[in-house]
Amino acid sequence: METILQSVVSGVLMGSLYAMIAVGLTIVFGVMRIINMAHGEMVMLGMFGAFWSFTLGGIDPFVSLLIWMPAMFAFGMFVQRFLLGKIIAGGELNTLLYTAGLSLLIANLALLFWTGDYRNINVAYGSPPMRPFGISVSVPLAIAFVLAIAITTGLYFFLSRTDTGRAIRATAQNPDSAALMGINVARIDMITFGLGTALAGAAGVLLAPSLYLYPTVGEILVVKCFVVVVLGGLGSIPGAIAGGILLGLVESLGAVYVSVAYKDTIGFVLFLLVLLFRPSGLFGAGRT
Amino acid sequence: MSKNRVIGTLVALALLGAPLATANPFFHHLLIMVLFSTLLGVAWNLLGGYSGQVSFGHSAFLGVGAYATMLLHLKLGWSPWLGLVFGGALAMAVAVPIGLICFRLRGPYFSLATLAVAEIVRLVALNWESLTAGPQGLLITHLPELKLFGQAIDWETKIPFYYVIAVLTLLGMGVTFIVSQSRLGAYLLAVREDIDSAEAAGIDTVRTRVVALALSAALVGMAGGFYALYFRYIDPDAVFSVALSVEMVFIAVVGGIATTGGPIVGAIFLVTISEIFRERFQSGHLIFYGLFMMVIIRYLPEGIWGRLRFLLRLSTQRA
């Protein structure tokens, strides 16, 4: 019983961060129909941002969120305005290849400047873990979980309550009609890509104290997030959240009850099955 | 037709003579890597370029070929060169069910599915330790002797490997040329331009794409066998990596999709730059892959070779 509880808790904690990254991926897809292969590198940049501000400036990684989230938002806007924005008209396959190029470029620049070494952040409260009800919960991961929920909820209210948020949703539904209603679609694209990048970067900052960081860490994370968004239905935010938690649970329960070695395989097999038989996602909310 | 034959002969002669230009082993290694990458680009292009199906999972076929070659030699004592051919056939056989599943999906969804398939294959290779030795990898210490015209081939030098990969690359380009001139090539282009219209015109689009994938996989599988014998060591993270799959895509796209000569131009360009970069710096040698991909997609969507060919045609028309 305790084993189940333990793996459910760690699955949900990890899943909340998958969900946050996947929400970023899915809003970009929803609005611009871009499958952003470089999304994982944005997470990696967030992780390294937290690492450097901690190592060089002694800033707590969770506090450095205040620096890196806006910085990543600005970076995302820049990428959309000057790079990706010029490609969108070329169609989905072109943007796919273009972001694959961007992903390789960012990861290899990081390799060049920061080398491929594994690094980690040792915060003072990193150990020992909390022990509520006899299960072990890592403190940094618990803080990350709370902040991930806060940020994702914040985004949800931004999209549902503000004018800009409504404009984003309108553009996702139909860019042409949105433009006819007086929405500046190019500006909305920039904001959306900025938001997606900021979410990825923030997730990176939150994950930095809990994972090893190295320049190609994004490769693994982005593939997992493709799994998540497809499970939840591409373009759907609630779907991405549910998919993230689901993948977290599948991984942690799979590691205990199936095999540690094949826990990642379960996720991919699930992914293929959903792609083939329910392309709009498990909850039917996405677009096919 | 005769023009093509002249170009083909010239390319073949240039390939034959290239390693004699210098005795520098780095140069030989560079030539081998260029041809190896060309072969990967050529094979990927057959499916990705002509039919527009962007696969991010071709390393699955490379790994299957590499492991087949290694295992047949180490466990059953087959000649590795026979194993290489068999590896190609096995990759082809594996490609058929993968194609039948993944081709139910279109555009980016197909790309994501291939990515997942390759990851599944990698994880299986990593964990099926009784067969693959898992993350430890497989090693061939000594290649069995092979005699050509009564003379034993010296596998300690790089030149014999160069000729092997040159033959395989020419084979790949030959297959591409034949396909591009055939009905299959026309079908593939029709699928790329508009799959629904192709379907309406009576083309069996799934079968067409599966055939192209199988040919492509066979070439990549043989390239994998070559990789195993040239480096004499393979492990799942090396031969099943996403990076290799992506590299194939980049070489074909930068060189020029749906052209016979594009991948060779892309490979010469990208491999030379990245190998020289690798000599100078510790890491990050794929920077230029990313950079050129972005530049090409934005400014030269027909690729370097595609643009050169266009310019050549213009100038001959004027003259």
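Residues numbered from 1 in each chain as written. Chains lettered and ligands numbered in written order. Predicted model: local features only at pLDDT ≥ 70, side-chain atom pairs only at ≥ 80, totals over all residues.

Colleague: Run through the overall build of chain A, naming residues and quoting values.
Modeller: Within chain A one finds 11 helices and 0 strands. For chain A, the α and β elements follow one another from N to C terminus as α-α-α-α-α-α-α-α-α-α-α. Taken over C-alpha atoms, the radius of gyration comes to 19 Å for chain A, in line with the 19 Å a tight globule of 288 residues would show. With respect to the three principal axes, the spread of C-alpha positions in chain A is 60 × 45 × 35 Å. (Helix = DSSP H or I, 4+ residues; strand = E, 2+ residues; numbered from the N terminus. Rg over C-alpha atoms; globule rule 2.2 N^0.38 Å.)

Colleague: So what about the overall build of chain B? Which residues, and what values?
Modeller: Scanning chain B from terminus to terminus reveals 15 helices and 4 strands. Relative to its length of 319 residues, chain B is compact, with a C-alpha radius of gyration of 19 Å against a globular reference of 20 Å. With the C-alpha coordinates of chain B rotated into their principal frame, the extents come out at 55 × 45 × 40 Å. Expressed as a percentage of the 319 residues in chain B, the buried residues total 50%. Nonlocal contacts in chain B, meaning residues at least 24 apart in sequence, comprise 76% of its contacts between residues at least 6 apart. (Buried ≥ 20, exposed ≤ 12 C-beta atoms within 10 Å, placed from the backbone. Contact = placed C-beta atoms within 7 Å.)

Colleague: Residues and numbers for the packing of helix α2 (residues 25-51) of chain B against helix α7 (residues 159-181) of chain B, please.
Modeller: Residue and element names in this part refer to chain B. Interhelical geometry of α2 versus α7 gives an angle of 25° and a closest axis separation of 9 Å. If you check the angle between α2 and α7, you find them roughly parallel. In this structure, α2 crosses over α7, and the sense of that crossing is left-handed. Where α2 approaches α7, its residues H28, L31, I32, L35, F36, T38, L39, V42, A43, N45 and L46 are matched on the opposing element by I159, F161, Y162, I165, A166, L168, T169, G172, M173, T176 and V179. Here the contact of α2 with α7 is built from residues that sort into 16 nonpolar, 6 polar and no charged. (Axes fitted to C-alpha atoms, helices over the stretch in contact; angles between N-to-C directions. Parallel < 35°, antiparallel > 145°, perpendicular 65-115°, else oblique. Left-handed = near helix turned anticlockwise from the far one by under 90°. Nonpolar A, V, L, I, M, F, W, Y, C, P; charged D, E, K, R; others polar.)

Colleague: Could you give me a rundown of the interface of chain A and chain B, with the residues and numbers involved?
Modeller: Often, the extent of an interface is quoted as the loss of accessible area on bringing the components together. Contact with chain A, which involves 35 residues of that partner, is made by 34 residues of chain B. Ranked by residues supplied to the side of chain A that touches chain B, first place goes to helix α4 (residues 92-114) of chain A with 15 residues. Counted by class, the side of chain A that touches chain B contains 25 nonpolar, 6 polar and 4 charged residues.

Colleague: Summarise the nonpolar core; cite the residues concerned and give the values.
Modeller: One broad trend across soluble globular proteins is that nonpolar side chains are buried collectively. Ranked by size, the top nonpolar core spans 196 residues in total, and within it A:I21, A:M47, A:A203, B:I165, B:A223 and B:M293 carry the most contacts. Looking at this core element by element, the count peaks at 16 residues for helix α10 (residues 205-231) of chain B. When sequence neighbours within four positions are dropped, the list of residues in contact with A:M47 reads A:G204, A:V205, A:L207, A:A208, A:L213 and A:V217. (Core = buried A, V, L, I, M, F, W, Y, C linked by C-beta atoms within 7 Å.)

Colleague: Break down helix α3 (residues 59-76) of chain B for me, citing the residues and quoting the values.
Modeller: Between its first and last C-alpha, α3(B) extends 25 Å over 18 residues, near the 26 Å set by a 1.5 Å rise per residue. Most of α3(B) is tucked away, with 14 of its 18 residues classed as buried. (Expected span 1.5 Å × (residues − 1).)

Colleague: Hey, could you go over helix α10 (residues 237-257) of chain A for me, with residue numbers and the actual values?
Modeller: The end-to-end C-alpha distance of α10(A) is 30 Å, a good match for the 30 Å that 21 residues give at a rise of 1.5 Å each. The element α10(A) is extensively covered by neighbouring structure, given that 15 of its 21 residues are classed as buried.

Colleague: Can you lay out the confidence of the model for chain B for me, pointing to particular residues and giving the numbers?
Modeller: Residue and element names in this part refer to chain B. Of all residues in chain B, 97% have pLDDT values of 70 or greater, and the mean over the chain is 87. Mean pLDDT values for the elements of chain B range from 69 in strand β2 (residues 147-148) up to 94 in α10. Model confidence for the complex is summarised by a pTM of 0.88, with the ipTM given as 0.85. (pLDDT = per-residue confidence, 0-100.)

Colleague: An account of the packing of α2(B) against α10(B) is requested, with residue identities and associated values reported.
Modeller: Residues and elements named next belong to chain B. Put simply, α2 and α10 touch, their axes get as near as 8 Å, and they point 165° apart. Taken as axis vectors, α2 and α10 run roughly antiparallel relative to one another. Relative to α10, the crossing made by α2 is left-handed. Every residue of α10 that contacts α2 at I32, F36, L39, L40, V42, A43, W44, L46, L47, Y50 and S51 is listed here: R209, A212, L213, L215, S216, L219, V220, A223, F226 and Y230. For the contact of α2 with α10, the per-class residue count stands at 18 nonpolar, 2 polar and 1 charged.

Colleague: Tell me about the environment of A:A179, residues and numbers included.
Modeller: Residue and element names in this part refer to chain A. Positionally, A179 belongs in helix α7 (residues 175-180). For A179, a count of 15 C-beta atoms within 10 Å gives the class partly exposed. Sequence separation of A179 and A167 is 12 residues, and the distance between their C-alpha atoms is 9.7 Å.

Colleague: Describe the environment of A:L270, and please don't skip the residues or the numbers.
Modeller: Residue and element names in this part refer to chain A. Along the chain, L270 turns up in helix α11 (residues 263-277). Judged by local crowding, L270 falls into the buried class, with 20 C-beta atoms found within 10 Å. C-alpha separation for the pair L270 and L231, spaced 39 residues apart in sequence, amounts to 8.0 Å. Setting aside its immediate chain neighbours within four residues, L270 contacts L231 and V250.

Colleague: Describe unusual backbone geometry, listing the residues and the values that go with them.
Modeller: Residues and elements named next belong to chain B. Not every positive phi belongs to a glycine, and R232 is a case in point at roughly 60°. Within the secondary structure layout, R232 lies in the loop between α10 and β4 (233-234). Its 16 C-beta neighbours within 10 Å are what place R232 among the partly exposed residues. We note that A258 has phi near 55°; this positive angle belongs to a residue other than glycine. Relative to the helices and strands, A258 is located in the loop between α12 (242-255) and α13 (262-280). On the neighbour-count criterion, A258 (22 C-beta atoms within 10 Å) is buried.

Colleague: Account for the environment of B:M173, naming residues and giving values.
Modeller: All names here are of chain B. Along the chain, M173 turns up in helix α7. Residue classification places M173 among the buried positions, given that 22 C-beta atoms sit within 10 Å. Between the C-alpha atom of M173 and that of F226, which follows or precedes it by 53 residues, the distance is 17 Å. Residues in contact with M173, not counting those within four places in the same chain, are V42 and T260.

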